[in-house]
Structure formats: structure tokens, C-alpha cells
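# Residue-level structural notes
Read off the chains here:
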Amino acid sequence: MTEISPAIKTPRLSIENFRGDFSQLASLMQASWAENSGQALLYTSEFLSSCFEYPGAGFALAPTIYVESQPVGFVAGFPRRVKFNGRDQKIVVITFLTVLPEYKKKGLGIMLWSELVNRARAAGFDGMVNYCVDGEAMNAMIEGSCKRLKLPVARIFSTRYMSVVLRSGDNRDGSDLRANNQQAADVLLDLAAPLANSQPLARLWSQPEAEWQCVRRSEPIVETLSAGDRSGLLTGHVMSISDKQHTRCLLIEDILWGTLTAKERQTLLQKFLIKAAGAGVRLATVPVLGYADMEPFKKARFQSTRRVLHAYLTLWSAGHAELPSEPLLSMYLDLF
């Protein structure tokens, strides 16, 4: 447990492992991010709990500041295996950095982030990825904090997004949404494997991770298509937006066309979107990461949005020469 300096600990603050109080964490996030200019997603206790069910995730990589029994600051790191520069790397994706409004501007965010970095290094991870929305102060914080800790850092990719409004689907209870997801996990493993050799940075999957992605995570939407010896797969999950209607949004993740033809790719996407609409989704959004053909989305009337997300890579043992001097042309990694 790390104590905060006396100058800012009134009342007494300390950094400790997250206690698993997901309802309180959800309230913290909603209170903190309500101040943001953009429309935030609604991070529910169910969604957050699901994130920690990911294989290898744990509360030791979620340092939290408590005042008595209330969390007032939080950050989490989730384990990922990637292949970068031809080498397997075990990294953490750092996300959910948030501080209760009345505790902001006291340096608590930087302290939490630094604590997580130290924990990840001690736990044997090779590096980390941080995501920052374009134009926000977090970008300067990441670069400045890495410099302060004498860690190399490179902005490796800037992600743009496309989105579409979906037509209302038939009312369904969603009971069959996971019906074939177990088989889809095997398809995910097969179709994602070649990306490790074709992309400069690519996520590597284990069987338990693929099963979490397709079956066990919060509200997964998965669709596959087979045609002869050809197959493809799309994955995503549903979250609500923090608007009055709690608009349900599909966040598309894995775009694995395999060897499907252009027409078959269009068919797969339409099946995927119909399934999402039947689950009450009204908005679908997809990141443009460069590893997948985006033409089917354009034909489905997805339009570019103004949102840009920057990805920063740090490898503890890397010199600056080992990190890319220019942004990558593509990558295959989930976004937060």
C-alpha cells in the first residue's frame, strides 16, 4: 500500500488494490466523466466486473485511492500478448484512469498511473500501451510522465472511427445471442493467427482469451460466415451511452474477413448488424486500424466521425531506436 504525500492527504488517502466494489467504481466513473465535453459511455458495474474476468486480469493491476470505504481515484491495466518487431511481448493496456471531481488537480491521476506502471514492471510485463483522445491533456501527461520515469514512449498509431445509425430490429430477449459463440472462439483463433506475421503490431490470442471475447464478456455480439472453405468473423460488444435514452451502442472490435469474397464480406456485416439491431442497438461504431478492408462498412453507410484516439507504446527495456520513429501504418489491438 502506497501512502500519498502529507501535503494532499486531508483526509488520509492511500493507494491500495481495488476491492472489487464495482457499483461504487461505476458511480466514480460516471461522476468524473460527466465533466467531459464529449458524450461518454455508461460504464456499468456489470461491464466493469466482466473486464476483470479476462484471463490474467486482477485487482493487483488496479491501484485505487480510497477515502475510508469510498474509491476516489482508479486506474487499471489489462494484460495482452502482442507481437511487435517480430518478438512476442507481454504488455498491459492502461485504461479507466479517473478521479472524483472534488479530488482533481491534486496530482492523484499521475500518482495512480505511476503506481500502476511500477506494479506492471514488477509483475514481469514487457511494456504498456496508453490510449488518449486527441486534444485532451492526457496526451501531454503520458509523454511527460514517461520522460519523468525515464521510459521510452512513442505514439505508434492514431485511430479514426466510422459509425452508422441502425434501424430498429425485431423485439428479442437476446437469449440466443451467444448460441454459436463457443464455435466462434475457435474461428477467431484461426483467422487472427496470420495477422501476427502481416501486421507490425498484432494481438496474440489464447483459447481462454478468445472464449472470453466471444462468450464470457459483457454483452458480446459475434457473427461468423462460412462459404465452402472460406470463413470470416466479426466481434463486438454492446454498451450504452450516458444520454437520457441510454442509447445502446455496438463497439465493433475484431474484423476478420479471412478469404471471404467482397460480396460475402458484405453479407457477414449485414448479418452482424441485424443481430445487433435485434438486441436493441441503435448506433454502431468501428475503429479504422488499417489491418482490415473497410469497404464493406462504407457500403453499409458507415460515415467517418471526428473522434481520434492516439496509441502510445512503451517497452521498459527498449531504447528509442527499438520503438518506431514514425507511426505504424496499421495495427491489430483492442481499444479502450
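Residues numbered from 1 in each chain as written. Predicted model: local features only at pLDDT ≥ 70, side-chain atom pairs only at ≥ 80, totals over all residues. Heavy atoms only, no water.

In terms of burial, strand E6 (residues 87-99) is a largely internal element, 10 of the 13 residues being buried. With antiparallel pairing between neighbouring strands as the criterion, strand E5 (residues 70-84) and E6 make up a hairpin whose turn holds two residues, including Asn85 at a positive phi of roughly 55 degrees. Across four bridges, E6 lies against strand E7 (residues 127-133) in parallel orientation. By the bridge assignment, Val93 is partnered in E7 with Val129. A crossover connection joins E6 to the parallel E7 through helix H3 (residues 108-122); in handedness this β-α-β unit is right-handed. (Buried < 20%, exposed > 50% of the residue type's maximum accessible area, 1.4 Å probe, protein only. Helix = DSSP H or I, 4+ residues; strand = E, 2+ residues; numbered from the N terminus. Pairing = 2+ DSSP bridges. Right-handed = clockwise from strand over helix to strand, strands pointing away.)

With that settled, consider the nonpolar core. Across soluble globular proteins, nonpolar side chains show a tendency to be buried alongside one another. Membership of the largest hydrophobic core comes to 65 residues, with the highest contact counts inside it found for Ile255, Phe297, Phe302 and Met331. With residues up to four places along the chain from it excluded, the contact list for Phe297 reads Met162, Ile252, Ile255, Trp257, Leu269, Val286 and Phe302. If you look at the next biggest cluster of nonpolar residues, it comprises 54 residues, including Leu25, Leu28, Tyr43 and Tyr103. (Core = buried A, V, L, I, M, F, W, Y, C linked by side-chain atoms within 4.5 Å. Contact = heavy atoms within 4.5 Å.)

What follows deals with the packing of helix H5 (residues 181-192) against helix H7 (residues 207-216). Pairs of packed helices are described in terms of their axes, by the angle between the two and the distance that separates them. At a closest axis distance of 8 Å, the pairing of H5 and H7 adopts a crossing angle of 130 degrees. The orientation of H5 with respect to H7, classified from their angle, is oblique. Pair H5 / H7 crosses with right-handed handedness. Facing H5, whose interface residues are Asn181, Gln182, Ala184, Ala185, Asp186, Leu188 and Leu189, H7 presents Gln207, Ala210, Glu211, Gln213, Cys214 and Val215. (Axes fitted to C-alpha atoms, helices over the stretch in contact; angles between N-to-C directions. Parallel < 35°, antiparallel > 145°, perpendicular 65-115°, else oblique. Left-handed = near helix turned anticlockwise from the far one by under 90°.)

Our focus in this paragraph is the environment of Gln183. Checked against the element boundaries, Gln183 lands in helix H5. Each C-alpha atom of the pair Gln183 and Val165 lies 29 Å from the other, and the pair is 18 residues apart in sequence.

A rise of 1.5 Å per residue sets the reference length of H3, with its 15 residues, at 21 Å; its end C-alpha atoms lie 21 Å apart and thus fit the reference within 8%. For H3, the full list of buried residues reads Leu108, Gly109, Leu112, Trp113, Ser114, Glu115, Leu116, Val117, Arg119 and Ala120. Once H3 ends, the next one or two residues include Gly124, with phi positive near 95 degrees. (Expected span 1.5 Å × (residues − 1).)

Next up on the list: the pattern of salt bridges. Applying the stated rule across the entire model yields 12 salt bridges. With its nearest N and O atoms 3.6 Å apart, the salt bridge here joins Glu211 to Arg216. Three or more residues are tied together by salt bridges with common partners; here these are Arg80, Arg203 and Asp334. (Salt bridge = Lys/Arg side-chain N within 4 Å of Asp/Glu carboxyl O.)

Here seven bridges tie E7 to strand E14 (residues 303-315), and the two strands are oriented antiparallel to one another. Residue pairing in the sheet places Gly127 in a bridge with Leu315 of E14. Here eight bridges tie strand E8 (residues 154-165) to E14, and the two strands are oriented antiparallel to one another. Of the residues in E14, the one forming a bridge with Met162 is Ser304.

By themselves, these are just geometric observations and shouldn't be taken as functional.
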